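Below are the chains, spelled out letter by letter.
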Amino acid sequence: MTSARKLAFISDGAAAGARAIAERLVSHGMQVMLNLGPGQDEEGAKTAFGKDLWESVLWSRGDLSQGASAGRVLSQTIEQFGTVDVLIHNSQRIVATSVEHADCRTYQDSMAVNVKSAFFLTQAFARQPTLEDSRIIYVSSIHAEKPTGSSFVYSVGKGALGMLAREAALDLGRRGASVNVIEMGPVEGDDQRFASEISDLYQYYRYKVPSAVLGTFEDLAHLIWFLSLPESRFINGSTIRLDGGFSLHYMNHKMKLGHDQNA
Amino acid sequence: MSLANKIALVTGAGTGIGQGIALGLAHAGAQVAVNYFVEPERAEETVRQIHEVGGQAFSVQADVSQADQVFDMVGRVTEHFGGIDILVNNAAQQPNLGLLEYDEQTYDRVMNTNCMGYWLTMQAVLPTMRARGKGRVVNISSVHGKRPTDFDVVYAMSKGGVKMLTREAAIELARYHITVNMIEPGAVAVGPKSGNSRPIVPPEARSEHRLRTRSKFPLGRVGRPEDIANVVSFLASDQSEFITGASIRADGGSMLL
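Residues numbered from 1 in each chain as written. Chains lettered and ligands numbered in written order. Predicted model: local features only at pLDDT ≥ 70, side-chain atom pairs only at ≥ 80, totals over all residues. Heavy atoms only, no water.

Asks: Tell me about the pattern of salt bridges, residues and numbers included.
Replies: A pair can form between side chains of opposite charge whenever their charged atoms are brought close. According to the stated counting rule, one finds 25 salt bridges over all chains in the structure shown. As a salt-bridge pair, Glu55 of chain A and Lys51 of chain A come within 3.3 Å of each other at their nearest N and O atoms. Separated by 4 residues within a single helix, Glu55 of chain A and Lys51 of chain A lie in helix α3 (residues 51-55), roughly one turn from each other. Assigned by exposure class, Glu55 of chain A and Lys51 of chain A land together as exposed. With a shortest N-O distance of 3.7 Å, Arg42 of chain B and Glu39 of chain B are connected by a salt bridge. The network of salt bridges with common partners includes Lys6, Asp133 and Arg135 of chain A. (Salt bridge = Lys/Arg side-chain N within 4 Å of Asp/Glu carboxyl O. Helix = DSSP H or I, 4+ residues; strand = E, 2+ residues; numbered from the N terminus. Buried < 20%, exposed > 50% of the residue type's maximum accessible area, 1.4 Å probe, protein only.)

Asks: If you had to explain the nonpolar core to someone new, which residues and values would you point to?
Replies: One finds Phe119 and Tyr138 of chain A together with Leu9, Ile21, Leu25, Val32 and Met157 of chain B to be the most contacted residues of the largest nonpolar core, which totals 114 residues. Here this core takes 13 residues from helix α4 (residues 104-132) of chain B, the largest share from any one element. Ignoring anything within four residues of it in the chain, the contact list for Ile21 of chain B reads Val10, Val88, Asn90, Ile140, Ile228, Ala229 and Val232 of chain B. In terms of nonpolar packing, the next biggest core, distinct from the first, is built from 30 residues, Trp54, Val139, Ile182 and Met184 of chain A among them. (Core = buried A, V, L, I, M, F, W, Y, C linked by side-chain atoms within 4.5 Å. Contact = heavy atoms within 4.5 Å.)

Asks: Please set out the interface of chain A and chain B residue by residue, giving values where relevant.
Replies: Counting residues at the interface gives 44 residues for chain A, matched by 43 residues for chain B. Between chain A and chain B, a total of about 3500 Å² is buried, with carbon and sulfur atoms accounting for 64% of that surface. Broken down residue by residue, the surface that chain A buries against chain B is led by Val99, Glu100 and Glu167 of chain A, which jointly contribute 20%. The tally of links from chain A across to chain B stands at 6 salt bridges. Taken together, the links from chain A to chain B amount to 25 residue pairs in polar contact (both at pLDDT 80 or more). Contributing elements (two or more residues each) for the side of chain A that touches chain B: α5 (104-126) and α6 (152-173) of chain A. Ranked by the residues each element gives to the side of chain A that touches chain B, the list is headed by α6 of chain A, at 12 residues. Residues of the side of chain A that touches chain B, tallied by class, amount to 20 nonpolar, 14 polar and 10 charged. (Buried area = accessible area lost by both parts, 1.4 Å probe. Polar contact = N/O pair within 3.5 Å; in protein donor to acceptor, adjacent residues only side chain to side chain. Nonpolar A, V, L, I, M, F, W, Y, C, P; charged D, E, K, R; others polar.)

Asks: Can you break down the packing of aromatic side chains residue by residue, with the values?
Replies: All names here are of chain B. Applying the stated criterion across every chain, the model contains 14 aromatic pairs over all chains. Ring centres of Phe58 and Phe81 lie 5.4 Å apart, and the angle between their planes is 70 degrees; this geometry places the pair in the edge-to-face category. Pair noted here: Phe58 is in strand β3 (residues 57-61) and Phe81 is in helix α3 (residues 67-81), with a separation of 23 residues, a long-range link. In terms of burial, Phe58 and Phe81 fall into one category: buried. (Phe/Tyr/Trp six-rings, centres within 6.5 Å; stacked < 30°, edge-to-face > 60°.)

Asks: Hey, could you go over the pairing of strand β5 (residues 135-141) of chain A for me, with residue numbers and the actual values?
Replies: Residues and elements named next belong to chain A. In terms of residue burial, β5 counts as a mostly covered element, since 7 of its 7 residues are buried. Residues Arg135, Ile137, Val139 and Ser141 line one face of β5 and the alternating positions Ile136, Tyr138 and Ser140 line the opposite face, and both faces are buried. Bridge analysis of strand β4 (residues 86-89) against β5 gives 4 bridges, and the strand direction is parallel. The residue bridging Leu87 from the neighbouring strand is Ile136, located in β5. Following the chain from β4 across α5 to the adjacent parallel β5, one finds a crossover that is right-handed. Examined bridge by bridge, β5 and strand β6 (residues 178-184) share 7 bridges and lie parallel to one another. When the sheet's bridge partners are listed, Arg135 is paired in β6 with Ser178. (Pairing = 2+ DSSP bridges. Right-handed = clockwise from strand over helix to strand, strands pointing away.)

Asks: Break down the packing of α6 of chain A against helix α5 (residues 153-173) of chain B for me, with residues and values.
Replies: The contact between α6 of chain A and α5 of chain B brings their axes to 7 Å, and the two run at 145 degrees. In terms of crossing hand, the pair formed by α6 of chain A and α5 of chain B is right-handed. On α5 of chain B, the residues touching Phe152, Ser155, Val156, Gly159, Ala160, Met163, Leu164 and Glu167 of chain A of α6 of chain A are Val153, Ala156, Met157, Gly160, Gly161, Met164, Leu165 and Glu168 of chain B. Looking at the contact of α6 of chain A with α5 of chain B, its residues break down into 10 nonpolar, 4 polar and 2 charged. (Axes fitted to C-alpha atoms, helices over the stretch in contact; angles between N-to-C directions. Left-handed = near helix turned anticlockwise from the far one by under 90°.)

What follows is the structure, given as structure tokens:
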């Protein structure tokens, strides 16, 4: 399996998981362009990536949350390199907020990062003259289906992102592209990110995964790499849940714990 | 199903499905606030039809994508009828544009009306529903919240958002005995739409399209606004009190084919 010399654009170079994705793609010979947002520090990214990996990737700077300007950032990359083969949208903002008390600003800011940026990046990607064997991969969340009880606007955004993926799969599939969405499940720290007074989904979350092992960003990177390969060409419009079976969990049985700990 | 003594607010109730819902709720005995955005004469026609059958209704203008207008509308309805028991979020924009045809302004208009507007209106009615000890919210989505349209990408995105708004609101508002559910209509035959929607099917191809479409419905016909209104009336009634966070597809079985 090879994906050598293809160029992948990663929308949020500072996001959790960007390093693992870049490392995986670079190790298989792909070129990687990371975007850093206006508040993201190049030195910080360099430290997070490590000197060797940082020197093997390209990076751009642009505020993808500003609507159509997201498209301009990608268009500039396309202009510079001739083509972007793989678009990876991994931008996400999780803000604890409720239906009852959220304000419009919080709602709009979250939707701009989680959805609007994806839409205008997709539009810019689609404007390339040829899309044959190209890929769009949206990194979503199991919360595109399962409510968080802690950040309703995050879930709303992921629900919308799922439909963008399906529409783009139909539209751009006619031109040879494959478009898919990954619904990422629990990784370390999600019990804090999705802390909720309403839902106990993340209580003992490790033990709600059948293997009792949480996911990692390396798991995500493996899947993204596979989806970027020619061999994945017939996977289009799919929603791939990457959660170790966490979402199958029902009620409160804790996997791999004894009866007394399940009481 | 009786909705006697219930008070309902239906957004986008001047035309199409929204008008059918307002009439259906009124037939079941509810007092209905008929929201419209740009065409008062259509909303007044809905009100007139409700009055004709002995119901109570009045029209109320608001752009549901604007928070100040939404809260003002809810204030006026509460003042007029004394509260709100039933909210039907229905107002939506559907310009029927493809991926490359959308500009940022149109994207914002569709997402802010179809998705943010549902949340804003829900938030605005919460105080009165809490004060009344219970409430019903029914979000009108679409089969295109799960299946792509191939003719309006942002419309489908907004409906994907409504799916999750419904689920989140359902678990959050359950403690106030407010249920939040969603209906996914399939194709529904309605009159001309408000706003500037581009026709999905050009006029010269409509009769052939109609025949072809009919074959896609196991029940042999496209939907009518009253089909959706019937489901809304059930979800708004006391008989549905254990249903929350659910979505009911009302499409004549078309998504099965």
